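Report on the structure
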Protein chains: 2
Amino acid sequence: MNVCARLVRIVCGMALVVVPAGLFAQASGYEAVNPFIGTGADGHTYPGATVPFGMVQLSPDTQINSFKHSYKWAAGYRYEDGTILGFSHTHFSGAGHSDLGDFLVQPISGEVRLEPGDANQPGSGYRSGFSHATEVAKPGYYAVTLADYGVRAELTATARVGVHRYTFPAGKPAHVLMDMRSSIYSYPGKVLWSRLRVRNDGTVTGMRETRGWAPGRQLYFAMKFSVPMATHEIYDKEPLPVEYRGFKTPGNNAADTQAMEGRGLIGVFDFGEMKGPLVVKVALSPTSEDEAMANLNAEVAGFDFDAVHAQAKATWEKALGAVQLTAAPDMRTNLYTALYHALLAPGTAMDVDGSYRGPDNQVHHADGFHFVSSLSLWDTYRAEQPLMTLLEPEARTTDLVRSLMASQQESPFGMLPVWQFQGIETWCMIGYHAVPEIADAVMKGIGGFDANKALDAMVATADYAPYGHLGEYMKLGYVPIDISNAGTDGSSHDESVSQTIEYAYDDWTIARVARKLGRNDVAVRFEKRAGNWKNVFDTADGFSEPRKADGSWRVPFNPAKAGAGSGFTEGNSWQYSWYQPQDEAGLIKLLGGDEKLVAKLDAMFNAKVDPKDYADVEDMAGLIGQYVHGNEPSHHLAYLYAYAGQPWRVQERLKQIVESQYKPAPDGLVGNDDLGQMSAWLLFTGLGFYPVAPGTNEYVIGRPFVERAVLKLPNGRSFTVVADGMSAEHPYVGSVTLDGKALTRSFVTHEEIMRGGELRFVMSGTANKSWGSGSGARPYSMSR
Amino acid sequence: MNVCARLVRIVCGMALVVVPAGLFAQASGYEAVNPFIGTGADGHTYPGATVPFGMVQLSPDTQINSFKHSYKWAAGYRYEDGTILGFSHTHFSGAGHSDLGDFLVQPISGEVRLEPGDANQPGSGYRSGFSHATEVAKPGYYAVTLADYGVRAELTATARVGVHRYTFPAGKPAHVLMDMRSSIYSYPGKVLWSRLRVRNDGTVTGMRETRGWAPGRQLYFAMKFSVPMATHEIYDKEPLPVEYRGFKTPGNNAADTQAMEGRGLIGVFDFGEMKGPLVVKVALSPTSEDEAMANLNAEVAGFDFDAVHAQAKATWEKALGAVQLTAAPDMRTNLYTALYHALLAPGTAMDVDGSYRGPDNQVHHADGFHFVSSLSLWDTYRAEQPLMTLLEPEARTTDLVRSLMASQQESPFGMLPVWQFQGIETWCMIGYHAVPEIADAVMKGIGGFDANKALDAMVATADYAPYGHLGEYMKLGYVPIDISNAGTDGSSHDESVSQTIEYAYDDWTIARVARKLGRNDVAVRFEKRAGNWKNVFDTADGFSEPRKADGSWRVPFNPAKAGAGSGFTEGNSWQYSWYQPQDEAGLIKLLGGDEKLVAKLDAMFNAKVDPKDYADVEDMAGLIGQYVHGNEPSHHLAYLYAYAGQPWRVQERLKQIVESQYKPAPDGLVGNDDLGQMSAWLLFTGLGFYPVAPGTNEYVIGRPFVERAVLKLPNGRSFTVVADGMSAEHPYVGSVTLDGKALTRSFVTHEEIMRGGELRFVMSGTANKSWGSGSGARPYSMSR
C-alpha cells in the first residue's frame with residue numbers, strides 16, 4: 001500500500017460511511033487509485049507501471065509459478081511474498097489462468113547469481129528481499145528498494161516501452177541481469193526458443209517463443225541503457241546436443257559472444273561502479289526485433305525517466321477524469337481503482353507502424369485501426385466492454401470491433417476470438433462472447449466498421465460446428481451431457497448446460513443486430529436459437545439441468561454440484577438457472593410468476609453453504625449463499641429482482657454485496673478482476689445502474705453508492721448522477737428523476753444517457769415497493 | 001540407377017576408354033546426367049527432383065537419422081536402403097553435416113499408420129518397401145513405386161514448389177500423410193514448434209521451427225491437392241501439459257480440428273477411392289504461410305504435373321547446355337552429373353516478392369537482387385564458385401555477392417556468412433571464405449554491387465576478433481595451439497594450424513581487391529597477413545605444425561596426425577603444409593627448391609597409409625597415400641607440380657585421381673559432394689584446367705579428359721577446348737595452343753577464356769618435360 005492511500009485510510013478508514021459532499025477534500029481520481037487492491041487474495045492484479053490499454057505492464061514478479069501454483073501467481077506478484085525476482089514487462093490484470101512475465105530484468109549490485117534461488121534462503125539466487133514500506137504504486141509508476149542489493153528501482157511506461165531507473169549503492173559493480181527463461185507459469189519446455197543479441201551500439205535485442213497458455217507465442221524486445229555497458233556475458237543453460245554445440249557461437253567461445261540462441265539464455269550486462277542512476281528502456285513488439293527498435297525510438301527518445309513518468313501520469317489523469325466522483329474516501333478509492341483496472345485491457349497489440357500478430361500466428365498490418373488483444377471475452381462482455389462503450393476512451397470500441405473482425409478473418413477457423421492475447425487464441429472458457437460485444441456496439445450506434453460484415457463474422461462464429469459442440473447444439477437445440485465423441489480430454493461435455501445457456505444469449509444478440517440491419521432471415525433463425533436455454537430448463541423443479549441426447553434429464557440432479565461432471569462452467573445450477581438476460585420474463589413465466597423468481601433468488605442468496613465445498617472449483621469465491629460474487633455468472637443476479645417488479649430487493653442485495661465484497665486493501669477483491677469485469681461491476685453499481693443485457697441498450701437501475709458522479713461522455717456531453725440524502729440510514733431509493741422528470745421504470749437507456757443530463761435519486765430509509773413494480777416499468781425481455 | 005544410364009553402361013561400360021569423337025551417338029547433357037551418382041558411399045547426394053538453384057529439393061527419405069547415423073544419412077536417402085519414409089522438400093547435396101528433410105509427405109492406400117515403423121519389419125509403420133527397378137531419376141524428375149501401397153509416386157519441382165503425382169491402386173481409400181516431426185538428423189526436442197492448418201478451401205498451410213544445425217530455423221509451407229479432400233485428421237503426439245490441453249483446439253475435440261499447433265503434429269488427408277492420379281503441390285517459404293501461398297500461386301497455377309515436369313526439364317536442358325561435351329560415355333555421364341550437382345547450390349532462399357530470413361533470423365527484403373543461401377563456403381570457394389563465375393548462369397555471382405553483403409549487414413556479428421543455410425548461420429568449418437568468393441568476383445570484373453562496400457564487409461569479417469581466435473591471430477600472426485581461454489567445447493584450438501593457413505590465403509584475397517580499388521592502406525596490412533602461413537611452417541622439417549603462443553613448436557610432431565588435438569581440420573599436415581595458393585613460390589623457397597616440393601608431393605601421394613587409420617576422422621575419404629581426394633584440402637594438390645615447373649607430373653596425377661575416384665554409379669563419389677565442390681573439381685579437371693588460387697584470375701592447366709568441350713560464356717561468346725589424339729595411350733600433353741598460337745605457360749587466364757576462342761591440346765604418349773618448366777611459365781605466386 002502506498003503512503004498517500006494509507007494516510008487517507010488513517011483519516012477516514014471507515015467502510016461505506018456516506019457523508020455529505022464537501023466534507024472531505026477530494027483528491028483527483030489519479031490520487032485515489034490504489035494499484036495494490038487485488039494483489040492479495042484472489043484478485044490477481046499487479047502493482048506495476050502501465051498506461052491505459054498499454055502493451056507493456058512493467059511489474060515486479062515475486063514468484064514464477066510452477067504447475068502447483070499457477071493459479072495464485074497469475075499476475076506474478078502476491079502481496080504476502082517477501083522477495084522480488086525482478087521486473088518483467090507483461091502481466092494480465094486479474095486473469096484466472098496464467099502466462100506472460102516476459103523479459104525479466106533484475107538490477108544487481110555486487111556478485112551476480114544466475115539462478116533465481118529459494119525465497120526462504122536469502123542470498124541463494126538473484127532474487128532480493130524487499131519491504132512493503134519501500135514500495136510506491138501509482139498509476140504509471142512503481143518503486144521499491146531491493147534490500148539484498150540496496151538498489152532503488154523505479155518503473156514507468158509508455159504504451160510499448162517499459163522504463164526502469166535503478167539507483168545502485170556506491171562501491172559495488174552494477175549489473176543488469178535478464179533471465180530469458182523466467183515466465184509466469186513455468187514448466188520444462190515452455191520456452192521453445194529465445195535469442196539475445198548485443199548490438200555494436202550497446203542496444204540489446206532479442207525474442208522468445210513460448211508454448212504456454214497461448215501456444216507458440218512470439219514476443220520481441222529492444223533494450224537500451226543510459227550508460228554504455230562495460231562488458232556483458234550471455235549464458236545458455238540448456239545447450240544444443242553436443243555434436244552441434246561447437247557451431248552455436250562464432251568463436252566457439254561462450255564468454256565473448258555478442259549473440260546467442262537457445263532455450264535457456266541469461267544475459268548479464270555490466271556497468272562497473274555507477275556515479276548516478278541507470279535508466280533502462282525496453283520496448284516490446286509482437287512481430288520482430290526491428291519493430292521493437294522502431295517502437296522504442298518512436299515512444300521514448302532519450303533517457304529522461306521523469307519525463308516519461310510525467311507523461312504516464314498525465315495520461316492517467318486524463319483517462320481517470322472521464323468519471324468525476326464524489327463519495328466517501330474508501331468508496332472513492334474502490335471506485336477509482338475499479339476504473340483504473342477497467343482501463344487496462346484490451347491492450348495495444350500492434351507496433352507503431354500497425355504490424356501485429358494475428359490468430360494465425362502470422363504478421364498482419366492494421367489498416368486504419370488500432371489492433372488490440374487480451375480479450376477475456378467470457379468476462380468482459382458483461383460490464384467491462386459496455387463501460388468502455390459508454391466512456392469510449394479513444395474510440396476503443398471501434399478499434400475493438402475492428403480487431404475482432406480482423407481476427408475472425410485471420411482465424412484458421414473463421415471464428416471470432418474466444419480468449420485471445422497478443423493475437424493468439426487460447427480457446428479458454430465457453431461461448432462466443434465476441435458476438436455480444438460487437439452486437440452491443442452495433443445496437444449503441446458505434447460506427448467505424450461495416451456492420452453487415454460484422455454480422456457475417458458473428459454468424460460464421462455461431463455456426464462453426466466443431467467449436468464447443470455447436471454441431472450438436474444446432475441439431476438438438478442444446479448441448480447434450482452425454483456426447484459420445486466428446487474428445488480426448490474428457491471434460492468438454494462437462495459444461496453442456498452452461499454452453500447451451502450462454503450460446504442462447506449470444507444468439508439473441510445476433511438476432512438483434514440482424515433485425516436492425518433488416519436481415520430478417522438471419523434474425524428469425526437466431527431468435528429461435530435465443531430460446532434454446534429453455535431446452536435445458538426443467539420446469540419440474542425450476543432449474544437448468546444436464547440433459548442427454550435422447551431428451552431425458554440426467555438423474556440424479558443436484559443444483560449445488562459444480563466443477564467436473566456437473567454440466568456447468570465454474571459454477572452450478574444455482575447461478576446458471578437465472579441466466580437469460582434476453583428473456584427473464586420468459587423465465588418468470590416458466591417458473592410460474594414473479595414471486596417464484598424472487599423465491600429462487602432469495603433461496604440462492606440465503607443458502608447455507610460451506611465455502612470449503614467449492615474450494616476445488618476454480619474461481620468460485622466471494623460466496624453469499626450460492627451467490628458467487630467472485631465469478632461472472634453471478635454478476636447480473638442481484639439485478640434480477642427488478643425483472644420481477646421488486647427493485648427495492650435489488651437495492652438491499654447490492655448493499656449486502658458491496659459492503660462484503662470490496663475494500664480498499666490488497667485483499668480487496670474477492671475474485672479475479674478478470675481484466676476489469678469485477679471492477680466494471682463495481683463502477684456501474686456505484687453509479688446506480690448496470691448493463692444486465694448488453695444488446696438491449698438498457699441499464700437496470702440499482703442504487704448509487706456515490707453522492708454525485710459526472711460522466712464525461714465521448715460526444716462531449718456530461719451525464720450526472722446525484723443521490724440526494726444518501727446516508728447509512730437511507731439505503732433505499734425513494735424516487736428517481738431523469739432530467740427533472742419522474743422516472744417510474746427501473747431502467748435507463750443508453751440513448752438517455754448519451755443525451756446528457758441528470759439522473760437524480762432521492763434516497764430513503766424505507767423501501768418504495770411500488771416504484772418499478774408495474775409490468776411496463778420493468779427492463780426488456782424478448783418474450784414480453 | 002535409371003534405365004537409360006544402365007543401358008549406356010551395358011553398351012560402353014568401360015572406364016576411361018577414350019575413343020574418337022563421333023563413334024558414340026552423344027545424347028544431350030540432360031540425358032547424360034545420373035542423379036544416383038553419389039547416393040551411395042560418402043557422396044551424400046539425393047536422387048530427387050529439383051531445378052537449378054531451387055529452394056525445393058523434393059526427394060525420398062529412406063532414413064531419418066539419429067545421433068549415431070547423422071553423417072551417413074545427411075541427404076536423407078541411401079542407395080542401399082530398402083524402404084522409403086516419404087518425400088520431403090529440402091535436402092543438401094553432399095553436405096557433411098545434416099539437417100532439413102522438411103515436410104515429409106507419404107501417400108498411403110488403405111490403413112494409415114502414424115509412426116514410421118521399423119525398416120526391418122514390413123507393415124510396422126507408414127514407411128514402404130521399394131525396388132530400385134521401379135525408380136527413375138532425371139534432372140527435375142523422380143519416380144518410384146511404393147511396394148507396400150502399390151502407389152506410383154512421381155515428383156517434379158519449380159524453384160519454390162514441389163509437385164507430387166500419386167497414382168493409387170483401385171479399391172482402397174487414398175490418404176496423404178504429413179509427418180511434421182520427421183527431420184533429417186532427428187533428436188528429442190529438435191522440433192521446437194509446428195503448425196498445421198486446413199483452410200476452408202482445402203489448402204493446407206503450416207510451419208515448423210527446428211533447433212538443428214541452423215538453430216531456431218523457421219520454414220513455412222502451403223499445400224494444395226488436385227482433388228477435394230473428403231476428411232482429415234490432425235494429431236499431436238507431444239501435447240501440452242494437461243492443464244492447458246483443453247485450450248489447444250476450438251472444440252476440445254482432436255478429431256475434427258482444422259488447425260493445431262504443437263511439437264508432434266501429424267496430418268492425414270483422406271481422399272477416398274481415387275479414379276485418377278492425385279496431384280499435390282507444396283510451396284515453401286522461409287518467412288510465412290502467406291508468402292508460401294503467394295509462392296505457390298506464382299509458380300504453379302493448376303495441377304498439370306506434366307507441364308511442370310516439362311518446364312523443369314527445359315530449365316535443366318538450358319542450364320546443362322552451358323557446356324557441350326564430347327567424351328566417352330562414362331566420362332560424359334560423370335561430367336554432366338558433376339555439372340548437374342554444381343548447379344544445385346547456393347539455392348534460392350527468398351520468396352517471389354523478395355522476402356527472406358537473414359542471419360538475424362528476421363525477415364528482410366531483397367531489393368534488386370536474388371537472395372541465395374546454402375553457403376558451404378569452406379568447400380565452394382575453391383572451384384564451385386569459380387565455375388559459377390565462369391558460366392554465370394543467370395547472374396549467379398552478382399546475386400551471391402549481394403546476398404553475402406546483405407547477410408553481413410544483418411549478421412549480429414557484422415560478419416560475412418561462414419556456413420549459412422536458409423539465411424541462418426551455423427558457424428560450421430573454419431576460415432572466412434566468403435572473402436575469396438567476393439574477391440574472385442571483384443578480380444574477374446563481375447559487376448552489380450559496390451566493390452568498396454564489399455571490401456568493407458571483407459575487412460570487418462577478417463578483423464572480428466572473437467571469431468575463431470582471430471584476436472590471437474592478429475596479435476601473434478598465427479593461431480596458437482595452446483590458447484588458455486579456448487572456450488567451453490575444448491575443440492576450437494585443435495584447428496589452429498588450418499585456421500592460420502586458411503586465414504592467410506583469405507587475407508591475400510583482401511589485399512588483391514584493395515590494390516585493385518586503390519585502397520593501399522588495406523592492401524599493405526593484408527599483404528602482411530597473407531604471409532602468416534609461414535608462421536606455422538617449420539623449415540626444420542618442412543611441415544606446417546602446431547605452434548604455441550610462446551613461439552615454440554609443439555612436440556612431438558607427427559605429420560600424419562589428424563582429428564582432435566592435431567591442429568588440423570578434417571586432415572593433417574600432409575595435406576595442409578602445401579596450402580598457400582597465394583604463394584607456392586614462397587613455399588618452394590622455404591623448402592629449398594622445386595625438387596624439394598616435388599619430393600614432398602610424391603611422398604604424400606606415395607605414402608603407405610591404411611585408410612582405417614582415418615576412419616574416425618570425418619570426411620577423410622578417397623585416399624591416395626596421404627592425398628585425400630574426398631575432402632577439400634587436397635583438391636589443389638595435384639596441380640602444385642606445375643608451380644615447380646613439372647606440369648607433366650600434374651598430368652600423371654590427374655589420370656591417377658580421375659581413374660580411381662569417380663565412376664558413374666551410386667558409389668561414384670569418394671567423398672561428400674559438398675554442395676558441388678567435388679563435382680566442380682571434376683568438371684574443371686575434365687576441361688583441362690583448374691582455379692588453384694581464386695583471386696589470381698588464372699587457371700592452372702592440367703590435362704583434358706574430354707575430346708572436345710564448348711563453354712557457352714555469359715558474354716555470348718564460346719570457349720572451346722580440343723584434345724587432339726586423345727587416347728589411353730596418350731595420357732600426356734604434348735603441346736598446347738591458344739587461338740592457334742603456342743601456349744608455353746602452364747596456365748590460362750580468365751580474360752583469355754572470356755575473349756572466347758580455342759584451347760587446343762595435342763596429346764602425347766610421352767611426357768613433354770620442358771613445357772611449362774621455365775620460371776616465367778609458372779602460375780602466379782605473390783613472392784615471385
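Every chain's residues receive numbers from 1 upward, in the order its sequence appears when written. Chains carry letters from A onward and ligands carry numbers from 1 onward, assigned in written order. A pLDDT threshold of at least 70 governs which residues receive local features in this predicted model, and a stricter bar of 80 or more applies before side-chain atom pairs are shown or counted, although totals over entire chains, interfaces and linings include all residues.

1. What about the overall build of chain A?
- Labels follow the DSSP assignment, with helices taken as runs of H or I lasting at least four residues and strands as runs of E lasting at least two, numbered in each case from the N terminus. Per the secondary structure count, chain A includes 20 helices and 37 strands.
- Using C-alpha atoms as the atom set, the radius of gyration is obtained and then compared with a globule rule of 2.2 Å times the number of residues to the power 0.38. Computed over its C-alpha atoms, the radius of gyration of chain A comes to 26 Å, within 12% of the 28 Å expected for a compact globule of 784 residues.
- Oriented by its inertia axes, the alpha-carbon framework of chain A measures out at about 80 × 65 × 50 Å.
- Exposure classification rests on a simple neighbour count of other C-beta atoms within 10 Å of a residue's own: a residue reaching 20 or more is buried, one at 12 or fewer is exposed, and one in between is partly exposed. C-beta atoms are placed from the backbone. By residue count, 63% of the 784 residues in chain A fall in the buried class.
- Restricting the contact set of chain A to residue pairs at least 6 apart, pairs at least 24 apart contribute 71%. We call two residues in contact when the distance between their C-beta atoms, placed using the backbone, is within 7 Å.

2. Looking at the packing of helix α16 (residues 584-591) of chain A against helix α17 (residues 594-606) of chain A
All names here are of chain A.
- At their nearest, the axes of α16 and α17 sit 7 Å apart, and the two run at 95° to each other. When the axis of α16 is compared with that of α17, the two are roughly perpendicular. Between α16 and α17, the contacting residues are L587, I588 and L591 on the first element and D594, K596, L597 and K600 on the second. Simply put, an axis is a line fit to the C-alpha atoms, just over the touching stretch for a helix, and the angle between two N-to-C directions goes from 0 to 180 degrees. An angle counts as roughly parallel when it lies under 35 degrees, as roughly antiparallel when it exceeds 145, as roughly perpendicular when it falls between 65 and 115, and as oblique in every other case.

3. Points about the sheet that holds strand β30 (residues 689-690) of chain B
Residues and elements named next belong to chain B.
- One open sheet accounts for 3 strands, arranged β30-β31-β36; its pairing is antiparallel. Of all the strands in the sheet, the pair left with one neighbour each is β30 and β36 (747-749).
- The pairing of β30 with strand β31 (residues 698-701) spans 2 bridges and is classified as antiparallel. Paired with Y690 across the strands is V700, a residue of β31. Pairs of strands are assigned from DSSP output, requiring at least two bridges between the strands.

4. Notes on the sheet that holds strand β23 (residues 375-376) of chain B
All names here are of chain B.
- Spatial strand order, β23-β24-β25: 3 strands in an open sheet with antiparallel pairing. Of all strands in the sheet, those bounded by a partner on one side alone are β23 and β25 (424-425).
- Direction of pairing for strand β24 (residues 419-421) relative to β25: antiparallel, over a ladder of 2 bridges. Directly across from Q420, in β25, lies its bridge partner E425.

5. Some points on the confidence of the model for chain A
- Mean pLDDT for chain A: 92, with 93% of residues reaching 70 or above.
- The predictor attaches a confidence to each residue, and that confidence, scored 0 to 100, is pLDDT. Within the model, the stretch residues 1-24 of chain A combines pLDDT values under 50 with 35 contacts to residues more than four positions away or in other chains.

6. A few points about unusual backbone geometry
- Cis rather than trans, the peptide bond between A345 of chain A and P346 of chain A has omega equal to 0°.
- Mapped onto the elements of the fold, P346 of chain A is located in the loop between α6 (329-342) and β19 (347-348).
- Cis geometry marks the peptide bond from V555 of chain A to P556 of chain A, where omega comes out at -5°.
- Within the fold, P556 of chain A resides in the loop between β27 (543-544) and α15 (573-576).
- Notably, H469 of chain B is not glycine yet its phi reads approximately 60°, a positive angle.
- Within the secondary structure layout, H469 of chain B lies in the loop between α11 (451-462) and α12 (470-476).

7. Let's talk about the environment of G262 of chain B
- Tracing the sequence through the fold places G262 of chain B in strand β15 (residues 259-262).
- Considered as a pair, G262 of chain B and K237 of chain B are 25 residues apart in the sequence and their alpha carbons are 8.6 Å apart.
- The residues contacting G262 of chain B, other than those within four sequence positions of it, are P215 of chain A together with S194, D236, E238 and P239 of chain B.

8. Side note on the pairing of strand β37 (residues 757-764) of chain A
- Across 6 bridges, strand β33 (residues 718-724) of chain A lies against β37 of chain A in parallel orientation. From the neighbouring strand, V721 of chain A faces β37 of chain A, where its bridge partner is L759 of chain A.

9. Quick look at the packing of helix α13 (residues 496-516) of chain A against helix α14 (residues 520-530) of chain A
Residue and element names in this part refer to chain A.
- Contact geometry of α13 with α14 gives a least axis separation of 7 Å together with a crossing angle of 155°. Between α13 and α14, the crossing angle belongs to the class labelled roughly antiparallel. The two elements α13 and α14 cross, and the hand of that crossing is left-handed. Across from A504, D507, W508, I510, A511, A514 and R515 in α13, the residues of α14 making contact are V522, A523, F526, E527, R529 and A530. Should the near helix be turned anticlockwise from the far one by less than a right angle, the crossing is left-handed, and should it be turned clockwise, the crossing is right-handed.

10. Some remarks on helix α18 (residues 647-661) of chain B
Residue and element names in this part refer to chain B.
- What a helix is expected to span follows from its residue count: subtract one and scale by 1.5 Å. Helix length check: α18 (15 residues) gives 21 Å between terminal C-alpha atoms against 21 Å at 1.5 Å per residue, within 8%.
- All buried positions along α18 are accounted for by P647, W648, R649, V650, Q651, R653, L654, I657, V658 and Q661.
- Packing partners of the buried residues in α18 comprise α17 (594-606), β28 (623-624), α19 (677-687), β31 and β34 (732-738).

11. Things to note about the environment of I84 of chain A
- With respect to the helices and strands, I84 of chain A occurs in strand β2 (residues 83-84).
- The residues contacting I84 of chain A, other than those within four sequence positions of it, are P60, T62, R127, S128, F130, V144 and L146 of chain A.

12. Some words on helix α9 (residues 396-410) of chain A
- In this model α9 of chain A runs 21 Å from its N-terminal to its C-terminal C-alpha over 15 residues, within 8% of the 21 Å that 1.5 Å per residue would give.
- All buried positions along α9 of chain A are accounted for by R396, T397, D399, L400, V401, R402, S403, L404, M405, A406, S407 and Q408 of chain A.

13. Quick word on the pairing of strand β32 (residues 708-712) of chain A
Residues and elements named next belong to chain A.
- Burial along β32 is one-sided: the face carrying A709 and L711 is buried and the face carrying R708, V710 and K712 is not.
- Taken together, the 4 bridges between strand β18 (residues 323-326) and β32 define a ladder with antiparallel strand orientation. Along β32, the bridge assignment pairs T326 with R708.
- Summarising the sheet, β32 and β33 pair through 5 bridges and their orientation is antiparallel. Bridge pairing in β33 links K712 to S718.
- Counted along the chain from β32 to the antiparallel partner β33, the turn is 5 residues long, and its residue G716 has a positive phi close to 95°.

14. Some details on the environment of L155 of chain A
All names here are of chain A.
- With respect to the element layout, L155 can be found in strand β8 (residues 151-157).
- When the 30 C-beta atoms within 10 Å are taken as the criterion, L155 is described as buried.
- Beyond its immediate sequence surroundings of up to four residues, L155 is in contact with G48, A49, L58, F87, Y141, Y142, G162 and H164.

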